[in-house]
Amino acid sequence: MVDYILNLTLIEITAYALQFLLIFIAVAIVVHKNNGTIIILIASFSLVTASLYIINNAPDVAIAEVAIGSAIIPLIYVISISRQREFIVLDKAMDDFIISDNQMTGIGFILLKRFSDFYHLEINITNDPMLGKVESGRDQVLLEETNVDLIVTKDPDHEGGYLLKGKASSLLLNKLETMLDDYDNVRMIKYKDRDIGE
Amino acid sequence: MNPILTFIVILIGFYGLSTSDNIIKSVFCVTIIESGVILLFLNLGNFEGGAIPILNDHLVDIVDPLPQALMITTIVIGSTVTALSLMLCIKIFHHYGTVEWAEVLRREDVKS
Amino acid sequence: MSRRLFLIAMLGVLFVVFTLSMIELESLYNNYGMRYFLNEGFDDTGSRNLVTAILLDYRLFDSLFEAGILLIAVSGVIWISKHDVEEKNAQFMLDKYKTPDLFVTFSRLVYPLMLAFGFYVIINGHVSPGGGFQGGAIVATAILILYYIDGNKETNIGLIVTIEKIIYLLIILLASLSFFTRGEFFTNFFVPSANPDLKAIYLVLLNVFIGFKVALGLWTIFTAFLKEGR
């Protein structure tokens, strides 16, 4: 055993070191909880595997791994992980519920801010005119076909009231509904999934 | 190169795949398994003292080029499969409001 | 907890089985194929890089359908991320994504170099490590830098996918040309007795087509993701 270790060439020692490093990084990826750190780990993982491919006399495979594994794969991971914490709100009310005096200090914004801070979400509010033009009857279609999580509109039945519309299947919407007890003039409508083909 | 050490990497990937509660974590583990399988295949064709499979004017012993050609296809396809599953993850988050396996399965049960 | 212990035990059994079967695996493996590629590879295909020889000549059928799978995956990504309502370029009120100026300047310097390196890898695929798949990925990464330089860049995904489909058809046509000269599908269209240097023309052509196809496919994938990220 000792003779075997002493007779290793430099390239074999490097190969063993890289393989133990690979195992270490793999364990770190599996046990780590923070997805942002994992992206760095997966990029270094693909670099270490690329060097192991070179040691295995496979430069073609190494070039492919470096080109794909070090730029494009981390990019799509970064985007999908940052989307994972995002809550998109479409503001169709266009009054001081969310924005008052060109600042985000409305009642609705404080509510959404409380909600997003509580669940560590990143809130993203849009009042895009293209989407705002869609009539309120098609709100369900809008929710299903775009990434919008919540639509804020005026309540046609109550003066000064507001409606929040969302998908019934979403866990976050159910949590938001429990926070609405303090607000008298805000109601929530949850749309159930339609059957396919309807 | 020791294939047993490479197989440990694959086993770590399997362990992560079966214990992860986050959907994106599962995709990470699939990537790990893929890299391990590629290393195993390359190790099969490699031998001591072999040269890279590019011909020179003087004849030398080269390693087997067939596993390498197969593994290039694996890398390119693996990246697109990763992209497809991550795109599905984004859709799942906007539909269920969560990317935890347990929550998604529970909400699926409530609906039916 | 007991379930996790059971899982570790199962993985341990797998590990033991693999360790025991290692010896069998080595006796099963032979190098006849390698001998053949070493002796006949250059004269058969005209490629000094034997990996390219296998990818583009001996096993072209595999590579064609690999490119097909890439096309199908790209279509899947586009179909999943497709939205009927026009929300792609919605302006959010809280815009916190801004690229640093230093990064933009360096990207401008690096971009043409990366593009040139990608084309170099594609064109020299038959004499050096590289080829259509690797070079295409490098070109796609270079194009990705464009999005850092100009964050509001608009891309017509439909046009890119159409070009990609046309190039895929061209690849299949080029691969089928051998039916008229050699009488069999999916191999080099020069006759077997031709000069190996002449046969390299076919390899370069096919490498360029595959490189463009892979670059366009990966471009589409990350454009779909970047639009999702807005």
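Keep in mind it's a predicted model, so treat the numbers as computed, not measured.

The rules behind each value
- Residues numbered from 1 in each chain as written.
- Chains lettered and ligands numbered in written order.
- Predicted model: local features only at pLDDT ≥ 70, side-chain atom pairs only at ≥ 80, totals over all residues.
- Heavy atoms only, no water.
- Helix = DSSP H or I, 4+ residues; strand = E, 2+ residues; numbered from the N terminus.
- Buried < 20%, exposed > 50% of the residue type's maximum accessible area, 1.4 Å probe, protein only.
- Contact = heavy atoms within 4.5 Å.
- Areas by Shrake-Rupley, 256 points an atom, 1.4 Å probe, with all protein chains shown as cover.
- Phe/Tyr/Trp six-rings, centres within 6.5 Å; stacked < 30°, edge-to-face > 60°.
- Lys NZ or Arg CZ within 6 Å of the ring centre and 35° of its normal.
- Patch = residues over 30% accessible without salt bridge, like charges linked within 9 Å, V, L, I, M, F, W, Y side chains within 5 Å.
- Salt bridge = Lys/Arg side-chain N within 4 Å of Asp/Glu carboxyl O.
- Pairing = 2+ DSSP bridges.
- Axes fitted to C-alpha atoms, helices over the stretch in contact; angles between N-to-C directions.
- Buried area = accessible area lost by both parts, 1.4 Å probe.
- Polar contact = N/O pair within 3.5 Å; in protein donor to acceptor, adjacent residues only side chain to side chain.
- Parallel < 35°, antiparallel > 145°, perpendicular 65-115°, else oblique.
- Left-handed = near helix turned anticlockwise from the far one by under 90°.
- pLDDT = per-residue confidence, 0-100.
- Right-handed = clockwise from strand over helix to strand, strands pointing away.
- Core = buried A, V, L, I, M, F, W, Y, C linked by side-chain atoms within 4.5 Å.

**Student:** Tell me about the overall build of chain A, and please be specific about residues and values.
**Tutor:** Check the secondary structure of chain A and you find eight helices and five strands. Ordered by position from the N terminus, the helices and strands of chain A form the series α-α-α-α-β-α-β-α-α-β-β-α-β. Taking all 198 residues of chain A together, 55% fall into the buried category. When contacts within chain A are restricted to residue pairs at least 6 apart in sequence, those whose partners lie at least 24 apart make up 58%. Just so you have it, chain A exposes about 9600 Å², and 60% of that area is on carbon and sulfur atoms.

**Student:** Just give me the short version of the overall build of chain C, but keep the residues and values in it.
**Tutor:** A count of helices and strands for chain C gives nine helices and zero strands. In chain C, the succession of helices and strands from N to C terminus is α-α-α-α-α-α-α-α-α. Counting only residues that meet the buried cut, chain C has 47% of its 230 residues in that class. Residue pairs in contact within chain C that sit at least 24 positions apart in sequence constitute 69% of those at least 6 positions apart. Of the roughly 12200 Å² of accessible surface on chain C, 69% is carried by carbon and sulfur atoms.

**Student:** Go over the packing of aromatic side chains with me, naming the residues and quoting the values.
**Tutor:** Ring pairs (aromatic) are described by centroid distance and by the angle formed between their planes. Residues and elements named next belong to chain C. Across all of its chains, the model carries 14 aromatic pairs over all chains by this definition. Ring geometry for Phe119 and Phe212: centres 6.1 Å apart, planes at 45°, overall tilted. Separated by 93 residues along the polypeptide, Phe119 in helix α5 (residues 101-123) and Phe212 in helix α9 (residues 196-228) bring together distant segments of the chain. For Phe212, a relative accessible area of 38% gives the class partly exposed. Here the aromatic residues Phe61, Phe65, Phe179, Phe180, Phe185 and Phe186 are joined through ring pairs into a cluster of three or more. Looking at Arg48, its charged tip hangs above the ring of Phe42, at a distance of 4.7 Å from the centre.

**Student:** Got a sec to walk through a nonpolar patch on the surface? Specific residues and values, please.
**Tutor:** Residues and elements named next belong to chain A. Taken together, Met1, Val2, Tyr4, Ile5 and Leu6 make up a surface patch of nonpolar side chains, about 620 Å² in accessible area. One can find Leu6 in helix α1 (residues 2-6). Taking relative accessible area as the criterion, Leu6 reaches 66% and is therefore assigned exposed.

**Student:** Account for the pattern of salt bridges, naming residues and giving values.
**Tutor:** Applying the stated criterion across every chain yields a total of four salt bridges over all chains. Arg35 of chain C is the partner of Asp61 of chain B in a salt bridge, and the nearest nitrogen-oxygen pair spans 3.5 Å. Here Asp61 of chain B, found in the loop between α2 (23-45) and α3 (65-96), pairs with Arg35 of chain C, found in helix α2 (residues 32-45), and the two come from separate chains. With a relative accessible area of 35%, Asp61 of chain B lands in the partly exposed category. Where Glu164 of chain C meets Lys213 of chain C, a salt bridge forms, and the shortest distance between an N and an O atom there is 3.1 Å. Taken together, the residues Glu164 of chain C in helix α7 (residues 157-176) and Lys213 of chain C in helix α9 connect sequence positions 49 residues apart. Glu164 of chain C gets classed as buried once you look at its relative accessible area, which sits at 0%.

**Student:** Tell me what's going on with the sheet that holds strand β4 (residues 162-167) of chain A, and back it up with residues and numbers.
**Tutor:** Residue and element names in this part refer to chain A. The strand order across the open sheet built from five strands is β2-β1-β3-β4-β5, with neighbouring strands paired in mixed fashion. With one partner strand each, in any of the chains shown, β2 (122-126) and β5 (186-191) form the two edges of the open sheet. With direction set aside, neighbouring strand axes in the sheet form an average angle of 25°. Of the pairings in the sheet, the one linking strand β1 (residues 86-91) to β2 comprises five bridges and is parallel in character. From the neighbouring strand, Leu90 faces β2, where its bridge partner is Thr126. On the sheet, helix α5 (residues 107-118) packs against β1, β2 and β3 (150-154) and is oriented at approximately 150° with respect to β2.

**Student:** So, the interface of chain A and chain B: which residues are in play, and what are the values?
**Tutor:** Contact residues are listed per partner, giving 49 residues for chain A and 51 residues for chain B. The three residues of chain A that bury the most area against chain B are Asn56, Asn57 and Tyr77 of chain A, which together make up 14% of that side's buried surface. Inspection of the chain A/chain B interface yields zero salt bridges. On inspection of chain A and its partner chain B, the count reaches nine residue pairs in polar contact (both at pLDDT 80 or more).

**Student:** So what about the packing of α3 of chain B against helix α3 (residues 50-58) of chain C? Which residues, and what values?
**Tutor:** Where α3 of chain B contacts α3 of chain C, the two axes come as close as 9 Å, and the packing angle between them is 60°. Judged by the inter-axis angle, α3 of chain B sits oblique to α3 of chain C. By crossing handedness, the relation of α3 of chain B to α3 of chain C is classed as right-handed. Counted together, Pro65, Leu66, Gln68, Ala69, Ile72 and Thr73 of chain B of α3 of chain B and Leu50, Val51, Ile54 and Leu55 of chain C of α3 of chain C form the full contact between these two elements.

**Student:** Describe in detail the confidence of the model for chain C, supporting the description with residues and values.
**Tutor:** Reading fine detail from the predicted coordinates is not recommended where pLDDT is low. Confidence in the prediction for chain C averages 83 pLDDT; 90% of positions are at 70 or higher. Long-range and interchain partners of residues 85-96 of chain C, a stretch whose pLDDT sits below 50, account for 36 contacts in this model, where long-range means more than four residues apart.

**Student:** I'd like a rundown of the packing of helix α4 (residues 59-83) of chain A against helix α6 (residues 132-149) of chain C, residues and numbers included.
**Tutor:** One way to put it is that α4 of chain A packs onto α6 of chain C with a least axis distance of 9 Å and a crossing angle of 25°. Judged by the angle between their axes, α4 of chain A and α6 of chain C are roughly parallel. Seen along the crossing, α4 of chain A lies across α6 of chain C with a hand that is left-handed. On α6 of chain C, the residues touching Asp60, Ile63, Ala64, Ala67, Ile68, Ala71, Ile72 and Leu75 of chain A of α4 of chain A are Gln134, Ala137, Ile138, Ala140, Thr141, Leu144 and Tyr148 of chain C.

**Student:** Kindly report on the pairing of β4 of chain A, identifying the contributing residues and their values.
**Tutor:** Residues and elements named next belong to chain A. Of all the six residues making up β4, six are buried; the element is thus mostly covered by neighbouring parts of the structure. The two faces of β4 match: Tyr162, Leu164 and Gly166 on one face and Leu163, Lys165 and Lys167 on the other face are all buried. In this structure, β3 lies alongside β4, joined through four bridges in antiparallel fashion. If you follow Ile151 over to β4, its bridge partner there is Lys165. Pairing of β4 with β5 involves six bridges; the strand directions are parallel. Bridge assignment links Leu164 to a residue of β5, and that residue is Met188. Once you follow β4 into helix α8 (residues 171-178) and on to β5, the crossover reads as right-handed.

**Student:** Now, about the nonpolar core: what can you tell me, with residues and values included?
**Tutor:** Of all hydrophobic cores here, the largest spans 104 residues; its most connected members are Ile29 and Val61 of chain A, Phe28 of chain B together with Phe225 of chain C. Looking at which element gives the most residues to this core, the answer is α9 of chain C, with 14 residues. In contact with Phe28 of chain B, not counting residues within four places along its chain, are Ile29, Asn35, Ile38, Ile39, Ile42, Tyr77 and Ile81 of chain A. Membership of the second largest hydrophobic core comes to 22 residues, among which are Leu121, Leu150, Leu173 and Met188 of chain A.

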